[in-house]
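Examination of the molecular architecture
So you can see what is in the structure, the chains are spelled out below.
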Amino acid sequence: MASASGMFDAERVAVVGATDREGSIGAAILRNLLADFDGDVLPVNPNVERVFGRPCHDGIEETDADLAIVVVPAEVVLEVVEDAGKAGLENLVIITAGFGESGDDGTTREAELKALAEKYDLDIVGPNSLGIISTSSGLNATFAPRNAISGRMSFMSQSGALVTAILEWAGDRNFGFKDVVSLGNKAVLDEVDFVETWGDDPDTDVVLGYLEGIESGTEFVETARAVTRQTPVVVLKSGRTEAGARAASSHTGAIAGSEAAYEAGLEKAGVLRAQSTEELFDFGTMLAGGPPPETDGVAVVTNAGGPGVLATDSVGDSELTLTAFDDETKRRLRGVLPSTASVHNPVDVLGDASADRFGDALEVVLSDPEVGSAIVIACPSAVLSFDRLAGAIVECRAETNVPFAVCLMGGSSIDAAAETLSSAGIPTYFDPARAVRSLDALRSYRSIRDRVDHPPATFDVDREAARAILERVESKRDNRLGVEAMGLLDAYGIPTPAGEIVDSPAEAAAAAERIGGDVVMKIVSPDILHKTDIGGVEVGVSLDEVADTYETLVSRAYNYQPDARLFGVQVQELVDLADGVETIAGMNRDPQFGPLLLFGLGGVFVEIFDDTTVRLAPVTEREARDMLNDVDSAPLLRGARGSPPVDEAGIVETIQRLSQLVTDFPAIVELDINPLVATPGGVVAVDIRLTVDPEIL
């Protein structure tokens, strides 16, 4: 099994393709290693005797290295890898490009590289990688112009260019790293391996990642979910796609596109998602700086009213709350502040505040039992020393476990103070909104760390009956099923109205008589996806109108699409919608993450309002309930404007049963229950559409 741990523990590093030719990658890597690495650096180049004064080896087998950095031309790489495998060297970083990213020849070469890795049990970073860094040993096996400074964040990136930019940017801001890796093409080692490795590393406090894709979503979720119980993981995921951009034959397939799958996958994994590179490191430095807050209450201490209001607005946009100070806190604040200062939250210490006044106010608010975190906002003034303020904040921080964020809203005058605070593990920002979002990320991690996992419920179902219905696609010319598959829901205990599919007016009338009362009639055709758009649905049809309605529906279908396949007309029990809400429950099977469940406002409004939420299956009862809470239309389910609340427990159970169905049958590619009508008396699935892969059945 692949492992990344040996990459960062190397003591003898061979550079295959070493050279001192100015401007070459091999020279840059060798120069970086010689500058800082604590271990032995071993140049390999059979064409020269010495490089940068170091004797060269003719081949990798002569080096007894425990890590090889490969910088030879692409057509030579496989030979070098084979030699490394034969020599028993397990860890390689392949800098060379010209593999899967470069066309058919490169794809073939990368496949051969994977085969060699499997043959010799090799752990390989790349190819097409910038390299790796481990600051604990000074290992800088990259061709970046600047090394990382030491810290407790470990960072992986699918973009080598971004690594070089981040190293420059982070170095100027005193952001430190334990390990850095450029993933490259991820032929062998990928994000899962590094999350697992750094999760076990006592010197890594937080894992950061820039990812353009995740190779194995299911494995990533399982690994990250275990790691995030002790080590926070923050990911910046690029390559967003608009939901529904790819062709799909169901509402769920259109709405739950790949971006929704990543969102659901990262949430289930317990991974925090950043929206920008700045936010990635805002979150990282906050998470590396200390424990999560014990409460959601935040105190703001500022010498400027405007920035205090900005912070207050940002708190309102987050899951944090602005603490209402108790009487004792306000009494003590009056004792340390001028009479014109505000002792309410945010605390305005006034524009003439010194560092000592800031420190006194901060000490008081930190003693309030409802304060879980604090934000200090300081704007320049003639009487305020940022350096002394930093010292006062560090002193306060040393006396408490309450996490801080500090906004120093100045220019170069803040530099020394920011460095003092950074050295004490206290993040600094210019914008109060960034400070609040970072504290909110810390609060979110508390929920991730403290979560209690419950297994999904298992219901008593009829799997054989369900399989028999799914197998009907084997005799069809396509792989879609419609209302003729309503029995699938019955087999899994999801309530459906009484109904029959008929192929003549007389049979329609007989079916309506058996059902009793007015009925709903629908065209049954796999080629007509939006039946209501063509008049293919009639609601509240009386018994004496059923036969004529049958003829009308069939005529409309043929007029709309003459070549449509008609399986008949469904005659169905009329569901009373007077106190009901039309919802949708569905599933789209994502290629990386597997079955992605969807719930939201349904009926004809599903594509208009797009009020839906998704989770990865299988879901627990809590996750199913959270899906109800997520949608904007939740008030409709709970009795908006005097209407009775629907049976929420019935919806939650239906989502769980659907989760079990799509988990039991990987052959189900897409599925819609739309509408799933929720009423005070229960739920009922009125319509179904699904796509099945018969090769997996």
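Our structure is the block above this text.
For the structure given in this document, a descriptive report is provided here. (Residues numbered from 1 in each chain as written. Predicted model: local features only at pLDDT ≥ 70, side-chain atom pairs only at ≥ 80, totals over all residues. Heavy atoms only, no water.)

**What to know about the pattern of salt bridges**
- Applying the stated criterion across every chain yields a total of 41 salt bridges.
- Its salt-bridge partner being Lys119, residue Glu82 comes within 3.5 Å of it at the nearest N-O pair. Highlighted residues: Glu82 in helix H2 (residues 74-87) and Lys119 in helix H3 (residues 104-120), separated in sequence by 37 residues.
- The salt bridge partner of Lys178 is Asp201, with a shortest N-O separation of 3.2 Å. (Salt bridge = Lys/Arg side-chain N within 4 Å of Asp/Glu carboxyl O. Helix = DSSP H or I, 4+ residues; strand = E, 2+ residues; numbered from the N terminus.)

**Quick notes on the environment of Thr295**
- On the secondary structure map, Thr295 appears in the loop between helix H9 (277-289) and strand E15 (297-302).
- At 3.4 Å, the side chain of Thr295 forms a polar contact with the backbone nitrogen of Gly297.
- Within the local environment of Thr295, its side chain forms a polar contact with the backbone oxygen of Glu370, the two atoms lying 3.1 Å apart. (Polar contact = N/O pair within 3.5 Å; in protein donor to acceptor, adjacent residues only side chain to side chain.)

**Quick notes on the layout of surface pockets**
- By volume, the largest pocket amounts to about 1,000 Å³.
- Lining the largest pocket are 32 residues, and of these Glu267, Leu272, Arg443, Ser444 and Ile448 lie nearest its centre.
- Listing elements by their share of the lining of the largest pocket, those giving two or more residues are helix H8 (258-269), strand E14 (272-274), H9, helix H10 (305-317), helix H15 (432-449) and helix H21 (621-630).
- A per-element tally of the lining of the largest pocket places H15 first, with nine residues.
- Of the residues contributing to the lining of the largest pocket, the split by class is nine nonpolar, six polar and 17 charged. (1 Å grid on protein atoms, 1.4 Å probe; cavity = no way out; pocket = protein on both sides within 12 Å on 5 of 7 lines; lining within 4 Å. Points joined across faces, edges and corners; volume = space filled by probe spheres on them. Nonpolar A, V, L, I, M, F, W, Y, C, P; charged D, E, K, R; others polar.)

**What about the packing of aromatic side chains?**
- Evaluation of the coordinates by the stated rule reveals eleven aromatic pairs.
- Consider the rings of Phe177 and Phe281, whose centres lie 5.8 Å apart with planes at 85°: the pair is edge-to-face. On the criterion of sequence distance, the pair formed by Phe177 in strand E11 (residues 177-182) and Phe281 in helix H9 is long-range, its members being 104 residues apart.
- Between Phe194 and Trp198, the aromatic rings sit 5.5 Å apart at their centres with planes inclined by 40°, giving tilted as the arrangement. With Phe194 and Trp198 both in helix H5 (residues 191-199), this residue pair falls four residues apart, about one helical turn. Residue Phe194 shares its accessibility class with Trp198, and that shared class is buried. (Phe/Tyr/Trp six-rings, centres within 6.5 Å; stacked < 30°, edge-to-face > 60°. Buried < 20%, exposed > 50% of the residue type's maximum accessible area, 1.4 Å probe, protein only.)

**Observations concerning helix H13 (residues 386-398)**
- The end-to-end C-alpha separation of H13 is 18 Å, in line with the 18 Å expected for 13 residues at 1.5 Å each.
- Listed as buried for H13 are Phe386, Leu389, Ala390, Ala392, Ile393, Cys396 and Arg397. The buried residues of H13 occupy one face: seen down the axis, they fall within an arc of 165°. Across from the buried face of H13, at angles greater than 90 degrees, the exposed residues are Arg388, Glu395 and Ala398.
- In this structure, the buried side of H13 is in contact with H9, helix H12 (355-366), strand E18 (373-378), strand E19 (404-408) and helix H14 (415-423). (Expected span 1.5 Å × (residues − 1). Arc of directions from axis to C-beta. Contact = heavy atoms within 4.5 Å.)

From the geometry alone we can't say anything about function, so treat these as descriptive.
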